[in-house]
Amino acid sequence: MVQIFVTGGTFDKEYNYIEGKLYFQDTHLPKMLVTGRCTIDADVKTLMMVDSLEMTDADRSIIAHNCQRNEHARILITHGTDTIVQTATYLANANIENKTIVLTGAMIPYAFGTSSDGFFNMGSALAFVQLLPPGIYVVMNGRFFNWDNVRKNRKTGNFETIHPE
């Protein structure tokens, strides 16, 4: 069983054509799993729907608490890309033992269709959460990164290793 926690981020944003603004309505995860013909036993739970730039340590505490108390050893978290590394660091310092936790997100909302990287990142994250040993990881752009060796390159929009391993 893979536990999926939804926290918001660009991944789940919708576009209001009248106001020209992005907003949250509901998560796309259940639809994505069906569309992707996912056969993994997964439980989707929405913890919050916030933009990661507005995420606080109180929000991160809620995420950590749910990871700690969850019975499943494999946890996937959808998250906004701007502070995904900050949350990964918070979780790494929360003394969560014997669990593989993968955080993923999207640069373009899933609702934008094939221009979104969300579907690809979700598929990659589902694969990596099943294969990686216990620890905290960020999965973006088809790659996994250890929580303490990743950054978002704001010029390219891609995630990259901080220093070569």
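Look a little higher up for the structure.
Everything numeric in this text was worked out from a predicted model, so none of it was measured.

Cut-offs applied
- Residue positions are counted from 1 within each chain, in the order its sequence is given.
- Side-chain atom pairs in this predicted model are given and counted only at pLDDT of 80 or more, local residue features only at pLDDT of at least 70, and totals for whole chains, interfaces and linings cover all residues.
- To get the side-chain values, all heavy atoms of the structure are used, and hydrogens and water are removed first.
- Think of it this way: any DSSP run of H or I at least four residues long counts as a helix, any run of E at least two long counts as a strand, and we number them from the N terminus.
- Between buried and exposed lies partly exposed: a residue is buried under 20% and exposed over 50% of the maximum accessible area for its type, with that area taken using a 1.4 Å probe on protein chains only.
- Between two residues, a contact is recorded if the distance between any of their heavy atoms is within 4.5 Å.
- Areas reported as accessible are Shrake-Rupley estimates using a 1.4 Å probe. Residue values count occlusion only from the protein chains shown.
- In this analysis an axis means a line fitted to C-alpha atoms, helices contributing only their contacting stretch, and an angle means the value between N-to-C directions, from 0 to 180 degrees.
- The labels follow the angle: roughly parallel below 35 degrees, roughly antiparallel above 145, roughly perpendicular from 65 to 115, and oblique for the rest.
- Rotating anticlockwise by less than a right angle from the far helix to the near helix defines a left-handed crossing, while the corresponding clockwise rotation defines a right-handed one.
- All amino acids are sorted into three groups, where Ala, Val, Leu, Ile, Met, Phe, Trp, Tyr, Cys and Pro are nonpolar, Asp, Glu, Lys and Arg are charged, and the leftover types, Gly among them, are polar.
- Take the residue count of a helix, subtract one, and multiply by 1.5 Å to get its expected span.
- Here the nonpolar core consists of buried residues drawn from Ala, Val, Leu, Ile, Met, Phe, Trp, Tyr and Cys, with membership extended through side-chain atoms lying within 4.5 Å.
- Pairing between strands requires that DSSP locate at least two bridges from one strand to the other.
- By salt bridge we mean one thing: a side-chain nitrogen of Lys or Arg within 4 Å of a carboxyl oxygen of Asp or Glu.
- Pairing of aromatic rings covers Phe, Tyr and Trp, the last through its six-membered ring, and needs centres within 6.5 Å; plane angles under 30 degrees mean stacked, over 60 mean edge-to-face, and all others mean tilted.

Draft legend 1. Looking closely at the overall build of the protein chain. A count of helices and strands for the protein chain gives four helices and ten strands. Of the regular secondary structure in the protein chain, the N- to C-terminal order runs β-β-β-α-β-α-β-α-β-α-β-β-β-β. Taking all 165 residues of the protein chain together, 48% fall into the buried category. Across the protein chain, the fraction of contacts at a sequence separation of at least 24, relative to all contacts at a separation of at least 6, is 63%. Carbon and sulfur atoms make up 50% of the accessible area of the protein chain, which amounts to about 8,500 Å² in all.

Draft legend 2. View of the packing of helix 2 (residues 57-69) against helix 3 (residues 84-92). Packing of helix 2 against helix 3 leaves a shortest axis separation of 10 Å and a crossing angle of 55 degrees. The orientation of helix 2 relative to helix 3 falls into the category oblique. Crossing handedness for the pair helix 2 and helix 3: right-handed. Where helix 2 abuts helix 3, its residues Asp57, Arg60, Ser61, Ile63 and Ala64 lie against Gln86, Thr87, Tyr90 and Leu91. Taken together, the residues of the contact of helix 2 with helix 3 break down into four nonpolar, three polar and two charged.

Draft legend 3. Spatial organisation of helix 2. Helix length check: helix 2 (13 residues) gives 18 Å between terminal C-alpha atoms against 18 Å at 1.5 Å per residue, within 8%. Tucked inside the fold, the buried residues of helix 2 contact strand 1 (2-8), strand 4 (42-50), strand 5 (74-78), helix 3 and strand 6 (100-104).

Draft legend 4. Just the nonpolar core, in detail. Judged by nonpolar contacts, the single largest core of 23 residues is most densely connected at Ile63, Cys67, Ile77, Leu91, Ile101 and Leu103. Going through the elements one at a time, strand 4, helix 2, strand 5, helix 3, strand 6 and strand 7 (135-140) are the ones with two or more residues in this core. With residues up to four places along the chain from it excluded, the contact list for Leu103 reads Ile77, His79, Ile84, Thr87, Ala88, Leu91, Ile136, Tyr137, Val138 and Val139.

Draft legend 5. Seen up close, the pairing of strand 1. Of all seven residues making up strand 1, seven are buried, and the element is well covered by its neighbours. Bridging between strand 1 and strand 4 involves six bridges; their strand directions are parallel. Considered in strand 4, the bridge of Gly8 is made with Val50. The pairing of strand 1 with strand 5 spans five bridges and is parallel. Within the sheet, the bridge partner assigned to Gln3 lies in strand 5 and is Ile75.

Draft legend 6. Region of interest: the pattern of salt bridges. Within the structure shown, the criterion is met by four salt bridges. Between Asp57 and Arg60 there is a salt bridge whose closest N-O contact spans 3.4 Å. On the criterion of helical spacing, the pair formed by Asp57 and Arg60 is a turn pair, its members being three residues apart in helix 2. When its relative accessible area of 45% is taken as the criterion, Asp57 is described as partly exposed. On the accessibility criterion, Arg60 (1% relative accessible area) is buried.

Draft legend 7. Up close: the packing of aromatic side chains. Scanning the model with the defined rule gives two aromatic pairs in all. Joined through ring pairs, the aromatic side chains of Phe128, Tyr137 and Phe144 make up one cluster.

Draft legend 8. Looking closely at the sheet that holds strand 5. Read across the sheet, six strands follow the order 4-1-5-6-7-8 without closing on themselves; strand pairing throughout is mixed. Either end of the sheet is taken by a strand with one partner, and the two such strands are strand 4 and strand 8 (143-146). On average, adjacent strands in this sheet sit at an angle of 25 degrees to one another, irrespective of strand direction. Pairing between strand 6 and strand 7: five bridges, direction parallel. From the neighbouring strand, Leu103 faces strand 7, where its bridge partner is Val138. The strands touched by helix 2 within the sheet are strand 1, strand 4, strand 5 and strand 6, with strand 4 carrying the most contacts at an inclination of about 165 degrees.

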